[in-house]
Amino acid sequence: MTATAVMQLIEKGKLAADANVNTYLTRFQLENNYAAPVTVANLLTHTSGIDDSFIVGAVDRPVDLVSLGDFFTKNPPRRGRPPGEEIVYSNMGMALAGYLVEAVSGLSFYDYVDQNVFRPLGMQHSTFRRPFPSNLAPLVATSGVGGQPPDKTAIQLYPVEALVTTVTDMGHFIIAHLNDGQFDDTRILSEASAREMHRQHFTQRRDMPGVAYGFFESRINDRRALFHTGGGGHESLLYLLPDDQIGFYIVYSGEIEKNFAQAFMDHYYPAARAYKLPRPPSDFAHRANRFTGLYRPNFIAMTSIEKLVGMIADTHVISNGDGTLTLRLPPFGSTSLRMVEVEPLFFRAEGGFYVTFTEDGKGNITRMATSGSTKDPAAYDKLHWYEGGLLHAGLGFAGFLVFLSLPLVSLIGFIRRRTPQAGSDQVSATTESRLAWRMATFVSLLVVMSPIPILTWMLLGDHSRPSQFKAAFHISSSFLLIAALLGLTLSIFAGIAWRRGDWSVARRIHYSVVALTAFLMVPFLHHWNLLPI
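Residues numbered from 1 in each chain as written. Predicted model: local features only at pLDDT ≥ 70, side-chain atom pairs only at ≥ 80, totals over all residues. Heavy atoms only, no water.

**Student:** Any chance you could explain the overall build of the chain here in plain terms?
**Tutor:** Check the secondary structure of the chain and you find 15 helices and 16 strands. Seen through its principal axes, the chain has C-alpha atoms that stretch 95 × 65 × 45 Å. Taking all 533 residues of the chain together, the buried fraction comes to 47%. Within the chain, residue pairs in contact and separated by at least 24 positions form 61% of the contacts whose partners lie at least 6 positions apart. Working note: accessible area of the chain is about 25600 Å², and carbon and sulfur atoms make up 58% of it. (Helix = DSSP H or I, 4+ residues; strand = E, 2+ residues; numbered from the N terminus. Buried < 20%, exposed > 50% of the residue type's maximum accessible area, 1.4 Å probe, protein only. Contact = heavy atoms within 4.5 Å. Areas by Shrake-Rupley, 256 points an atom, 1.4 Å probe, with all protein chains shown as cover.)

Here's what the structure looks like:
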């Protein structure tokens, strides 16, 4: 819907696909942290490099919604990657395209879509608005966010996530696109604009499904299709076969036993023969190690706390020893695809998927990209072993245990000192040693308590109210920030303790381990965007 609105304005000359987005922005500007500017076409093809942020883009209730201009002025989109290099799905980027509609049309996004898409297509039961218009409010069946009634929830990035509609209305939208912009006697796009919108505008490699404007490409049974998926208490799929003037829109909750798109294509457009992986190149087993290793999907934000998702997003490529590779997708390798090289750096995988790799000037593999079927095209960076998410999760847990050990030791020491047979290995009574131990205990308690606000929200909070999570995270991150700053003093105290010979050797070693962990905590938290500074 949003891409169609933008395409209308490109057709009228109010927007230019290759123009720098900043040309149209007066209240804020995108940062210039990369040489190439973000263009309108980058937004429509998810190649802008703009990071997503589900936390920033969420509000509690319809009354909390602000205009797109006010939202983006307060929260300018962050550029996490260079534009035009890879497909990285970005709700924030497409919502910015929705704001461009407002910036150049002089209408709110709601009014523009109502007047230029819904009304011309007879889509009488479709809206982006919250609260719902009075004529639609009794008809909305979705459970909303967190199981709350739909009129009690809202999404700030409404040009990309807030649409409610019916299959009948979507049928009108589908017909308009299949008829090159025309529904009955009404035209919402010129024939040239519709075809421009539908053609491929970016792909990671030739002959590989990529992205049009607002639509992703699919290739099932060797037929090109355009699609988009959705979800939010339900799942949906819009699927168009422009060359055959056929399309469908399916919405469902729960699980469907079969891949509907594949089953549809097999029934109405069966392949001449079932796709089978070709025979691997005879020499590939000797080259397999070039491709094997650890990768991470690039849809994970780089500039916000959502980067933490990377801890469970490890994607492995392993050699099977028979000239084939296996791609193990996150989370935790829950889906595996066997693939075979068909051209240099280009692979076909089970299920009709396409996989390609990118190499640098030295011949080292640096990136992987996948597309095909009805899965959004995705790009992956190749990682060094020490960048693995599970490794970092393990390091974080180990550090947590180190900090937990010190208050436990303090508690045991307190109990022992209250017994008649207290041993001689007690914390020295000097002022300096007391201060050193108490500082380490305070830092350790801050770290140990930091998950409590988040866990409390998870167990007792109202999950339909993002503000509760934001408050919980703010408290948790504040604990970590104070612990990180005060923790830097522990190395000094450890040096003094060794110089003076305070405590026993075992206690000094324990204290030094805590001090080292506190020192390393700063770069660790900074890497995962957990320091609110």
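**Student:** Looking at this structure, how should I read the sheet that holds strand β8 (residues 246-252)?
**Tutor:** By way of backbone hydrogen bonds, the strands of a sheet pair with one another, either parallel or antiparallel. Spatial ordering of the open sheet is given by β5-β6-β7-β8, a layout of 4 strands whose pairing is antiparallel. Edge positions in the sheet fall to β5 (216-220) and β8, since each of these pairs with one other strand and no more. Averaged over all pairs of adjacent strands, the angle between strand axes in this sheet comes to 25°, irrespective of strand direction. The pairing of strand β6 (residues 223-231) with strand β7 (residues 235-241) spans 6 bridges and is classified as antiparallel. Its bridge partner lying in β7, H228 is registered against L238. Against the sheet, helix α7 (residues 167-178) makes contact with β7 and β8, and its axis sits at roughly 155° relative to β8, the strand it touches most. (Pairing = 2+ DSSP bridges. Axes fitted to C-alpha atoms, helices over the stretch in contact; angles between N-to-C directions.)

**Student:** When you look at the packing of aromatic side chains in this model, what are you seeing that I'm missing?
**Tutor:** To describe a pair of aromatic rings, you give the distance between the ring centres and the angle between the ring planes. Enumeration over the complete set of coordinates arrives at 28 aromatic pairs. Between F28 and Y99, the ring centres sit 5.7 Å apart and the planes meet at 35°, which makes this aromatic pair tilted. Taken together, the residues F28 in the loop between α1 (2-11) and α2 (40-44) and Y99 in helix α4 (residues 91-105) connect sequence positions 71 residues apart. The two residues F28 and Y99 agree in class, both being buried. One aromatic cluster in this structure is built from F109, Y110, F118, F128 and Y158. Over the aromatic face of F291 sits the side chain of R290, whose NZ or CZ is 5.5 Å from the ring centroid. Across from the ring centre of W528, 5.9 Å away, lies the NZ or CZ of K307, which sits over that ring. (Phe/Tyr/Trp six-rings, centres within 6.5 Å; stacked < 30°, edge-to-face > 60°. Lys NZ or Arg CZ within 6 Å of the ring centre and 35° of its normal.)

**Student:** What exactly am I supposed to notice about the sheet that holds strand β15 (residues 365-372) here?
**Tutor:** Here 8 strands make up a closed barrel; going around it, the order is β9-β10-β11-β12-β13-β14-β15-β16 and the pairing antiparallel. This sheet shows a mean twist of 30° between the axes of neighbouring strands, independent of strand direction. Relative to strand β10 (residues 315-319), strand β9 (residues 293-297) runs antiparallel, the two sharing 3 bridges. Opposite Y295, over in β10, you have T315 as the bridge partner.

**Student:** Is there a simple way to explain α7 in this structure?
**Tutor:** Structurally, the α-helix is built with 3.6 residues per turn, so residues lying three or four positions apart point the same way. In this model, α7 (12 residues) spans 16 Å end to end at C-alpha, consistent with the 16 Å of a helix rising 1.5 Å per residue. Residues D169, M170, H172, F173, I174, A176, H177 and L178 constitute the buried set of α7. Of the surrounding elements, those touching the buried residues of α7 are α1, β3 (182-183), α8 (191-198), β7 and β8. With its phi angle positive at about 55°, D180 sits one or two positions after the end of α7. (Expected span 1.5 Å × (residues − 1).)

**Student:** Any chance you could explain the nonpolar core here in plain terms?
**Tutor:** Generally speaking, nonpolar side chains in soluble globular proteins are found buried as a group. Core analysis: the largest hydrophobic core is formed by 63 residues, its most contacted members being L44, F72 and L96. At the level of elements, α1, α2, α3 (68-74), α4, α5 (109-118), α7, α8 and β7 are the ones that each hand at least two residues to this core. Here the element with the most residues in this core is α4; it accounts for 9 residues. Of all hydrophobic cores here, the second largest spans 35 residues; its members include L406, M439, M521 and L531. (Core = buried A, V, L, I, M, F, W, Y, C linked by side-chain atoms within 4.5 Å.)

**Student:** What am I meant to see in the packing of helix α11 (residues 431-449) against helix α13 (residues 466-487) here?
**Tutor:** With their axes 8 Å apart at the nearest point, α11 and α13 run at an angle of 155° to one another. Considered as vectors, α11 and α13 are oriented roughly antiparallel to each other. Read as a crossing pair, α11 and α13 show a hand that is left-handed. Here α11 contributes M439, F442, V443, L446, V447 and M449 to the contact with α13, which in turn contributes F479, I482, A483, L486 and G487. Among the residues forming the contact of α11 with α13, the class breakdown is 10 nonpolar, 1 polar and no charged. (Parallel < 35°, antiparallel > 145°, perpendicular 65-115°, else oblique. Left-handed = near helix turned anticlockwise from the far one by under 90°. Nonpolar A, V, L, I, M, F, W, Y, C, P; charged D, E, K, R; others polar.)

**Student:** It is not clear to me how helix α10 (residues 389-417) should be interpreted in this structure. Could you clarify?
**Tutor:** Between its first and last C-alpha atoms α10 spans 43 Å; for 29 residues at 1.5 Å apiece the expected length is 42 Å, and the two agree. For α10, the secondary structure elements touched by its buried residues are β9, α11 and α15 (505-527).

**Student:** Can you walk me through the environment of V167 in this structure?
**Tutor:** Mapping V167 onto the fold places it in helix α7. When the C-alpha positions of V167 and M197 are compared, they lie 22 Å apart, and in sequence the two are 30 residues distant. Setting aside residues up to four positions removed in sequence, V167 forms contacts with Y249 and V251.

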